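# Summary of the model geometry
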Amino acid sequence: MITLQGDSKESLIVNPLDIMYVESVGNYLSIVYFNDSDLCQKRLRSSLKDIEETLESFPFMVHIHRAFLVNINFITQISGNSAGYKVNMFSTDKVLPVSKANVAAFREKIKELGKQLG
């Protein structure tokens, strides 16, 4: 279990394996995660960079876009090409973009962890 700390007194104690993705929305982060089998969402006032540093020791968490950090274990489908991928997330209708700047690192991480592209 780790603690994701916001700028205020709010925090979230969660198993990193249960985090599906983190989305940056203005000055806030929307953290989508599973609590047992329930899909939950928590908003924290923080930066994606701060949360990424907290989660950097977990190789399954990948920065795919300036606004998204995802757990590749929850990716159900990857579409697109090297000019731009989109990823579908488990148990939601959410489709997240992979920015051109992050395509190479994303492809490498997918290959490293044994996921299939396409």
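Residues numbered from 1 in each chain as written. Predicted model: local features only at pLDDT ≥ 70, side-chain atom pairs only at ≥ 80, totals over all residues. Heavy atoms only, no water.

### Points about the overall build of the protein
Counted only if it meets this: What counts as a helix is a DSSP run of H or I of at least four residues, what counts as a strand is a run of E of at least two, and both are numbered from the N terminus. Two things to know: the radius of gyration comes from C-alpha atoms, and the globule rule equals 2.2 Å times the number of residues to the power 0.38. Exposure is judged per residue with a 1.4 Å probe applied to protein chains only, and the accessible area is read against the type maximum: over 50% gives exposed, under 20% gives buried, and values in between give partly exposed. Contacts are assigned to residue pairs with any non-hydrogen atoms lying within 4.5 Å of each other.
When its secondary structure is counted, the protein shows 2 helices and 10 strands. Listing the helices and strands of the protein from first to last along the sequence gives β-β-β-β-β-α-β-β-β-β-β-α. Its C-alpha atoms give the protein a radius of gyration of 14 Å, near enough to 13 Å, the size a compact globule of 118 residues would have. Counting only C-alpha atoms and orienting by the principal axes, one finds that the protein spans roughly 40 × 30 × 25 Å. Across the 118 residues that make up the protein, the buried fraction comes to 41%. By sequence separation, contacts in the protein at least 24 residues apart represent 42% of the contacts at least 6 residues apart.

### What to know about the pairing of strand β7 (residues 68-71)
Convention followed: For two strands to pair, DSSP has to find at least two bridges joining them.
Residues Phe68 and Val70 point to one face of β7 and Leu69 and Asn71 to the other, with burial holding for every one of them. Pairing analysis gives 3 bridges linking strand β3 (residues 19-25) to β7, with the strands arranged antiparallel. By the bridge assignment for β7, valine 22 is matched with leucine 69.

### As for helix α1 (residues 48-55)
At 3.6 residues per turn, the α-helix brings residues three or four places apart onto the same side. Stated formally: Regarding the arc, it is the one traced by the directions from the helix axis to the C-beta atoms.
Listed as buried for α1 are Leu48, Ile51 and Leu55. The arc enclosing the buried residues of α1, seen along the axis, measures out at 65°, which places them on a common side. Among the structural elements, β1 (2-5), β3, β4 (28-35), β6 (61-65) and β7 are those in contact with the buried residues of α1.

### Quick look at the side chain of histidine 65
Along the chain, the position of histidine 65 falls in strand β6. Not counting residues up to four positions away in its chain, the partners in contact with histidine 65 are Leu48, Pro97, Ser99 and Asn102.

### A word on the side chain of glutamate 23
Looking at the secondary structure, you find glutamate 23 in strand β3. Discounting chain neighbours no more than four positions away, the residues touching glutamate 23 are Tyr28, Leu29, Ser30, Ala67, Phe68 and Lys94.

### Quick word on the environment of valine 98
In this structure, valine 98 sits in strand β10 (residues 95-98). Of the residues examined, valine 98 reaches a relative accessible area of 4% and is grouped as buried. In sequence terms valine 98 and leucine 12 are 86 residues apart; their C-alpha atoms lie 26 Å from each other. Apart from the residues lying within four places of it in its own chain, the contact partners of valine 98 are Ile64, Gly84, Tyr85, Val87, Val103 and Phe106.

### Digging into the pairing of β6
Of all 5 residues making up β6, 4 are buried, and the element is well covered by its neighbours. As paired strands, β6 and β7 are joined by 4 bridges and run antiparallel to one another. By the bridge assignment for β7, histidine 63 is matched with leucine 69.

### Quick notes on the packing of aromatic side chains
The geometry of an aromatic ring pair is captured by two quantities: the separation of the ring centres and the angle between the planes. The cut-off we apply is this: Aromatic rings from Phe, Tyr and Trp, with only the six-membered ring used for Trp, were paired whenever their centres fell within 6.5 Å, and each pair was classed as stacked if the ring planes differed by under 30 degrees, edge-to-face if by over 60, and tilted otherwise. We call a charge positioned over a ring when the NZ of a Lys or the CZ of an Arg lies within 6 Å of the ring centre and within 35 degrees of the ring normal.
One pass over the structure, following the stated rule, counts 6 aromatic pairs. An angle of 40° between the planes, with centres 6.2 Å apart, marks the rings of phenylalanine 74 and phenylalanine 90 as tilted. You can see phenylalanine 74 sitting in the loop between β7 and β8 (75-81) and its partner phenylalanine 90 sitting in the loop between β9 (84-89) and β10, a full 16 residues away along the chain. Linked through ring pairs, Phe34, Phe74 and Phe90 together constitute an aromatic cluster. Above the ring of tyrosine 28, the side-chain terminus of arginine 45 is found at 5.5 Å from the ring centroid.

Geometric values such as these leave the question of function open.
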